[in-house]
Each structure stands twice: as structure tokens, then as C-alpha cells.
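This is what each chain is made of:
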Amino acid sequence: MSPLKLYPKNNSQRVLDRITAQLEDSAIIVYPTDTSYALGCSCLKERAVERICRIKDIDPTKHYLSIVGPDLSHISEFAKVDNATFKLLKRNTPGPFTFILNPSSHLPKIFRNRKQVGIRIPDNPIARLLCEQLGNPLLSTTVPFDEGDDMEYLTNPELIAERLGAELDLVIDGGICSAEPSTIIDCTDGEPVIVRQGKGEVRL
């Protein structure tokens, strides 16, 4: 599989429409974020979410799942955000952070009865553009890798396409990404708690 090149701006609308149509048809893609490359699909397509969980070998009932949106207005529909948490998100987004929040009742069926949902608004124009074109958030998770892998693998779409191409519908080349993971902040109990320090310094 050959990666499809996208740019931070001035992309062909025909190409963007093609990607959107694939996502609406339950496609699994690899796309760039402000940390590493990620697996993504429309968060509204349950079959695609289940495929990603199989690729990652995770149980969606036991692992928290993250959604990526272009801005806070899209995210607030899917998670409960009080005033203090909203201000925290506003100070730190877009950025390399995953916020663990209490889910709202508007999440798709596969997320129902979950106690937590991860929220990301990455500082990567391609990631946000994909969400804007789709009209709803992407489900997102780090590209699978083995403990002994060279971390360059997570940063290079060509290498990802070589390894995972048979399980994917599309690999988007947005240039070389970082190999550093996002910083995770748990906001489910009122006071934010950093549970993993990754890229970026959160402004509490």
C-alpha cells in the first residue's frame, strides 16, 4: 500500500472527499498527529471501531478509547465537561494531550456503559482537517508496535504501510511525526491528575 500525501493546507478537495467517503464507509486509516502516527476511523462506525480493537488486540470494554476532534465544540457533545475542565482544555488545546473525561450519553453504542473516554484535539492541521471534513470525531489509538521495535516505525508512514498495509484501507502521509506519546490527564474526579507524562507540559 502506497501512502497518500496530505499537506497542512491547500489540499485537493477531490482527495479530501475521497478520504471522507472511505471513512463514512467504515474505513480504517493511519494518519498523523502531533505525537506519533495513529490508527483512526469514524467514531460513529461501530464495525470500524471493532476492527481497530482487533488490530490492537484490545478489549473495548476494558480499555479506554480516545476520540479526536477539531475543536472543543465537537468534543463537548461526547463527554461531560464542567466549567473548570473546559477552561483546562481551552488552555491546552490544540496540543499533545489526552484528557480522560466522563462520557456523555451521545457516544456511539460501542462506547456505552463506559466510565471513561479519552479526548484529543491534536496540534496537527491534517488531523483536525480530517475531522472537519468528516463532520464528527475520529476514534484514535496509537499504531500497534512491539516492545523491541525501533521507535522510528511510529514516525514514518512508509514503514507503517509496509507492516500493516494488509489490515488498513488507507495510510495518510503527513510527513515525519514525533515518537513521543501524548501526556494523559485524568479529569474524571474533579481535580486533574497527570497519569502519564509524555510530549508537552500541561498548563493546570
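Predicted model only: the values in this text are computed from it and were never measured.

Caption draft 1: Broad picture of the layout of surface pockets. Its boundaries defined by the atoms lining it, the largest pocket holds a volume of some 530 Å³. Lining the largest pocket are 28 residues, with Lys56, Tyr64, Thr141, Thr142 and Arg196 sitting closest to its centre. Those elements giving two or more residues to the lining of the largest pocket turn out to be helix H2 (46-56), strand E4 (66-68) and strand E8 (138-142). Top element by residues in the lining of the largest pocket is E8. It accounts for 4 residues. Its residues assigned to classes, the lining of the largest pocket comprises 14 nonpolar, 10 polar and 4 charged.

Caption draft 2: Spotlight on the packing of aromatic side chains. Summed over all chains, the structure comprises 1 aromatic pair. The ring of tyrosine 153 is capped by arginine 163, whose NZ or CZ atom sits 4.1 Å from the centre of that ring.

Caption draft 3: Just helix H1 (residues 13-24), in detail. Taking 1.5 Å of rise per residue, 12 residues should cover 16 Å, and H1 covers 16 Å from first to last C-alpha, within 8% of that figure. Taken residue by residue, H1 has Val15, Leu16, Ile19, Thr20 and Leu23 as its buried positions. When H1 is viewed along its axis, its buried side chains cluster within an angular range of 135 degrees and face the same direction. The backbone nitrogen of arginine 14 lies 3.2 Å from a side-chain oxygen of the residue at the head of H1, namely serine 12.

Caption draft 4: Examining the pairing of strand E9 (residues 170-173) more closely. Of the two faces of E9, both are covered, the one formed by Leu170 and Ile172 as well as the one formed by Val171 and Asp173. In the sheet, strand E1 (residues 4-5) pairs with E9 via 2 bridges, with the strands oriented parallel. Note that in E9 the partner of leucine 4 across the bridge is isoleucine 172.

Caption draft 5: Representation of the pattern of salt bridges in the model. Following the criterion strictly, the structure yields 4 salt bridges and no others. Between aspartate 173 and lysine 5 there is a salt bridge, with its nearest N and O atoms 3.6 Å apart. Placement of the pair is aspartate 173 in strand E9 and lysine 5 in strand E1, with a sequence separation of 168 residues. We classify lysine 5 as partly exposed; its relative accessible area is 36%. Here arginine 120 and aspartate 34 are joined by a salt bridge, their closest N and O atoms 2.4 Å apart. Highlighted residues: arginine 120 in strand E7 (residues 117-120) and aspartate 34 in the loop between strand E2 (29-31) and strand E3 (38-42), separated in sequence by 86 residues. A single burial state applies to arginine 120 and to aspartate 34, both of which are buried.

Caption draft 6: Seen up close, the packing of H1 against helix H5 (residues 125-134). Interhelical geometry of H1 versus H5 gives an angle of 70 degrees and a closest axis separation of 9 Å. With respect to their mutual orientation, H1 and H5 come out roughly perpendicular. Contacts between H1 and H5 involve Gln13, Leu16, Asp17, Ile19, Thr20, Leu23 and Glu24 from the former and Leu129, Leu130, Gln133 and Leu134 from the latter. Split by residue class, the contact of H1 with H5 holds 6 nonpolar, 3 polar and 2 charged.

The rules behind the values
Residues numbered from 1 in each chain as written. Predicted model: local features only at pLDDT ≥ 70, side-chain atom pairs only at ≥ 80, totals over all residues. Heavy atoms only, no water. 1 Å grid on protein atoms, 1.4 Å probe; cavity = no way out; pocket = protein on both sides within 12 Å on 5 of 7 lines; lining within 4 Å. Points joined across faces, edges and corners; volume = space filled by probe spheres on them. Helix = DSSP H or I, 4+ residues; strand = E, 2+ residues; numbered from the N terminus. Nonpolar A, V, L, I, M, F, W, Y, C, P; charged D, E, K, R; others polar. Phe/Tyr/Trp six-rings, centres within 6.5 Å; stacked < 30°, edge-to-face > 60°. Lys NZ or Arg CZ within 6 Å of the ring centre and 35° of its normal. Expected span 1.5 Å × (residues − 1). Buried < 20%, exposed > 50% of the residue type's maximum accessible area, 1.4 Å probe, protein only. Arc of directions from axis to C-beta. Polar contact = N/O pair within 3.5 Å; in protein donor to acceptor, adjacent residues only side chain to side chain. Pairing = 2+ DSSP bridges. Salt bridge = Lys/Arg side-chain N within 4 Å of Asp/Glu carboxyl O. Axes fitted to C-alpha atoms, helices over the stretch in contact; angles between N-to-C directions. Parallel < 35°, antiparallel > 145°, perpendicular 65-115°, else oblique. Contact = heavy atoms within 4.5 Å.

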